[in-house]
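Each chain, written out:
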Amino acid sequence: MTIPTQAQPTAEAASGAPSRIGRIAAALVGLAVVAAAVGLAELVAAIGSYFNAVTSATSASPLNGLGATFIQFTPEWLKQFAIAQFGTNDKVALRVGMGITLIILAAVIGVIARSKPLIAQALFVVLGVVTVIAILTRTGAGPADAIPTILGIAAGVVLLRKVLSPDKDATVAADTGPNRRRFVQLATGSAGLAVASGVLSRVIPTSAAAEASRKSAAAETASIGGASLDKMKALPAGYQLDNAGVVSFVTPNTDFYRIDTAITVPRLDANTWELKITGMVENPITITYKDLLDRPLIERMITLTCVSNEIGGELVGNAKWQGARLADILAEAKPMAGADMVMSRSSDGMEIGSPLAVLLEKDRDAILAVTMNDEVLPFEHGFPVRMVVPGLYGYVSATKWVVELEVTKYSDQKAYWTNRGWGEMGPIKTANRIDTPKSFQKLPAGKFAIGGIAWHQHLGISKVEVQIDGGEWMEAKISTEVTIDTWRQWSYVWDATPGQHTIKSRATDSKGEVQTESVAGVLPDGATGYDSRFVTVT
Ligand SMILES: Nc1nc2c(c(=O)[nH]1)N[C@H]1C(S)=C(S)[C@@H](COP(=O)(O)O)O[C@H]1N2
Ligand SMILES: [Mo]
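Residues numbered from 1 in each chain as written. Chains lettered and ligands numbered in written order. Predicted model: local features only at pLDDT ≥ 70, side-chain atom pairs only at ≥ 80, totals over all residues. Heavy atoms only, no water.

Student: Run through the overall build of the protein chain, naming residues and quoting values.
Tutor: For the protein chain, the helix and strand inventory stands at 13 helices and 20 strands. Here the analysis covers contacts within the protein chain between residues at least 6 apart in sequence; of these, 74% occur between residues at least 24 apart. Approximately 24200 Å² of the protein chain is accessible, and the part contributed by carbon and sulfur atoms is 60%. (Helix = DSSP H or I, 4+ residues; strand = E, 2+ residues; numbered from the N terminus. Contact = heavy atoms within 4.5 Å. Areas by Shrake-Rupley, 256 points an atom, 1.4 Å probe, with all protein chains shown as cover.)

Rendered as structure tokens:
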């Protein structure tokens, strides 16, 4: 532009000092400043988590939030490319991709800041706002989770102004003397801050008292066993098929889906935890954690599903649970005639309504669980005690951080989700998912093992079939049933011919009823329809 500087009295013009640092130095400084902002935000997230002020260190972390969203918005072809190139490390690869993107952006911000400080700051703020949106739109995130990032942005803007903006108190105007020294100090200071806060944020434990209580609970639950434990049957041969593309039969706790409305993950102290059985009972009881562990306990493998799981979705997992049989505890409280619902309440105020008759069925094996896959319950999955009920979706049964069971009537009370349009009873529907191939996967011609999982807890799956291009339904090999409460893996070896193909799959329940093809969305009581994959064979 040739407009005289007078017409545009910029800060640069005011300082009258165009002598700037070099581009590479500016890029490095941009990097140091962005890293310092991220490091600070990570540190605040960790401290916030320690004091239970944020949902969790994970959900308040800007890097995690950005990473999850980055993966979500990565186009399918790029994901497929990453999967093809990096296999199971595809998530790592995508995160590395995000890291590189961030580094480039930071360098660009640094370079721009030399001449257009306001634009650089605006760019930086936009990056921050995108991160805040990423954090807030994650499942289970609360408003407080945005605070660390907002503080990080504020600190970053201040640093940007101090280090790079050529305004009055700028430090970059002169190449020599005290200004230059101050510039170097600020730049290295930012880098130091980034490293120090980054390291600190990783060593801060997540929550003091609850953490200690979970540790001792871990020791107590580790010794569950002996005669007072009704163990699950040993896993039969063939419970898992050797199709590497299918999720493992048991879902590791760290991979288990998580769905809840908790603004901050409740971190309860097992030493002070109590479960009250109240309402329409002749014998109200209060149970402590120790009482619960002293009872006869059961151990069962149960597949848990969310009603919000779309066809082909990932809100389903299978775990081994240990705890007290809910039917025994309820029977002890002696429900009164006329009661038909149990309203379970969590420490964070969630209210989940379950059919009393189902919970009272002895062979339903509804559990007040204390362990998940032989590990004391993780905080995110309900420590110290949660409910697990085979055959019901999680929103009507799987109360985490449970502290009260009120025996009541459907006609008297409405549960949280029921008030929001979801079905009152929530029985599981037959479902089936294709795990491999992935959507739009490119396959070489020849044998390919299509595979997936099918479930209908407490009824069981008897058959899974596969259909190619609308042809005949062909029966898949299916893993040995562990119980009617667990999913079953299936696999079908397909001789793939060149061209484009549509693969469909359907399951049949133990009563011989074929899964319905009619497509329904998740609202109000669970999705239906067949999972399908479109592939190109070359
Ligand atoms: N306290 C509480 N318990 C809850 C919920 C919740 O929001 N709050 N969500 C339920 C829903 S909808 C599901 S699907 C399961 C999920 O359990 P998970 O997060 O351990 O997988 O928890 C259930 N228990
Ligand atoms: Mo759910």
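What follows continues from the structure just given.
Student: Let's hear about the sheet that holds strand β17 (residues 477-478): which residues, and what values?
Tutor: Across the sheet, four strands lie side by side as β12-β14-β18-β17; this open sheet has antiparallel pairing. Each end of this open sheet is capped by a strand with a single partner; those strands are β12 (431-436) and β17. Two elements, β12 and strand β14 (residues 446-455), share five bridges in a ladder whose sense is antiparallel. Counted as the bridge partner of I434 is G452 from β14. (Pairing = 2+ DSSP bridges.)

Student: I'd love a proper account of the nonpolar core, names of residues and values included.
Tutor: In terms of nonpolar packing, the biggest core is built from 74 residues, with I277, Y289, W321, L330, L368 and L405 touching the most fellow members. If we ignore the near neighbours within four places in the chain, the residues touching Y289 are A217, E220, T221, A270, W273, V370, V376, F383, P384 and V385. The next biggest cluster of nonpolar side chains, apart from the first, holds 23 residues, and it includes A26, V33, V163 and A187. (Core = buried A, V, L, I, M, F, W, Y, C linked by side-chain atoms within 4.5 Å. Buried < 20%, exposed > 50% of the residue type's maximum accessible area, 1.4 Å probe, protein only.)

Student: Before we move on, can you summarise the side chain of H456 with the specific residues and values?
Tutor: Within the fold, H456 resides in the loop between β14 and β15 (461-468). One polar contact links H456 to T430, side chain to side chain, over a distance of 2.7 Å. Residue contacts for H456: discarding those within four places in its chain leaves I428, K429, T430, I461, I484 and D509. (Polar contact = N/O pair within 3.5 Å; in protein donor to acceptor, adjacent residues only side chain to side chain.)

Student: I'd like a description of the side chain of N318, backed by residues and values.
Tutor: Looking at the secondary structure, you find N318 in strand β5 (residues 316-325). On the accessibility criterion, N318 (0% relative accessible area) is buried. Engagement of the side chain of N318 in a polar contact is seen with the backbone oxygen of F249, the distance being 2.8 Å.

Student: Let's hear about the packing of helix α2 (residues 23-50) against helix α8 (residues 147-163): which residues, and what values?
Tutor: Contact geometry of α2 with α8 gives a least axis separation of 8 Å together with a crossing angle of 150°. The angle between α2 and α8 places the two elements in the roughly antiparallel class. Helix-helix and strand crossings are classified by hand; for α2 and α8 the assignment is right-handed. Taken together, the residues of α8 that come into contact with α2 (itself represented by V29, V33, A36, A37, L40, A41, V44 and A45) are P148, T149, L151, G152, A155, G156, L159, L160 and V163. The class makeup of the residues in the contact of α2 with α8 is 14 nonpolar, three polar and no charged. (Axes fitted to C-alpha atoms, helices over the stretch in contact; angles between N-to-C directions. Parallel < 35°, antiparallel > 145°, perpendicular 65-115°, else oblique. Left-handed = near helix turned anticlockwise from the far one by under 90°. Nonpolar A, V, L, I, M, F, W, Y, C, P; charged D, E, K, R; others polar.)

Student: An account of the site of ligand 1 is requested, with residue identities and associated values reported.
Tutor: Taken together, 20 residues lie around ligand 1, and Y257, T261, H381, R386 and K400 are the ones closest in. Here A398 contributes a backbone N or O atom positioned 3.0 Å from a nitrogen atom of ligand 1. Between K400 and ligand 1, the recorded distance is 2.5 Å, taken from a side-chain N or O atom to an oxygen atom. Protein contact buries 99% of the 530 Å² of open area that ligand 1 shows by itself. Within the shell around ligand 1, the residues separate by chemical class into 10 nonpolar, five polar and five charged. (Near = heavy atom within 4 Å.)

Student: Give a description of the pattern of salt bridges that names residues and reports values.
Tutor: Tallied over the full model, the rule gives 26 salt bridges. The residue K362 makes a salt bridge to D328 at a minimum N-O spacing of 3.0 Å. Taken together, the residues K362 in the loop between α13 (356-360) and β8 (367-372) and D328 in helix α12 (residues 326-333) connect sequence positions 34 residues apart. The exposure class assigned to K362 is exposed, which follows from its relative accessible area of 52%. The partly exposed category is assigned to D328, whose relative accessible area is 26%. Each of D230, R300, R325, D328, K362 and D365 takes part in salt bridges that share partners, so that together they form one network. (Salt bridge = Lys/Arg side-chain N within 4 Å of Asp/Glu carboxyl O.)

Student: So what's going on with the packing of aromatic side chains? Which residues, and what values?
Tutor: Counting across every chain of the model gives 11 aromatic pairs. Considering the side-chain rings of F256 and W321, the 6.1 Å spacing of their centres and the 85° angle between planes classify their relative orientation as edge-to-face. With F256 in the loop between β1 (229-230) and β2 (274-279) and W321 in strand β5, this pair connects stretches of sequence that are 65 residues apart. Over the ring of W473 we find R506; its NZ or CZ atom is 4.2 Å from the centre of that ring. (Phe/Tyr/Trp six-rings, centres within 6.5 Å; stacked < 30°, edge-to-face > 60°. Lys NZ or Arg CZ within 6 Å of the ring centre and 35° of its normal.)

Student: Kindly report on the pairing of strand β4 (residues 297-305), identifying the contributing residues and their values.
Tutor: Taking burial as the measure, the nine residues of β4 include nine buried ones, the bulk of the element. Burial of β4 is two-sided: the residues L297, E299, M301, T303 and T305 facing one way and the residues I298, R300, I302 and L304 facing the other way are all buried. Relative to β4, β1 runs parallel, the two sharing two bridges. The residue bridging L229 from the neighbouring strand is L297, located in β4. In this sheet, β5 lies alongside β4 in antiparallel orientation, the contact comprising nine bridges. Opposite I298, over in β5, you have G323 as the bridge partner.

Student: For the environment of L105, give the residues involved together with the corresponding values.
Tutor: Turning to its location among the elements, L105 is positioned in helix α6 (residues 90-115). Here L105 falls in the partly exposed class, since its relative accessible area comes to 32%. When the C-alpha atoms of L105 and L123 are compared, they prove to be 8.9 Å apart, with 18 residues separating the residues in sequence.

Just geometry here; none of it tells us what the structure is for.
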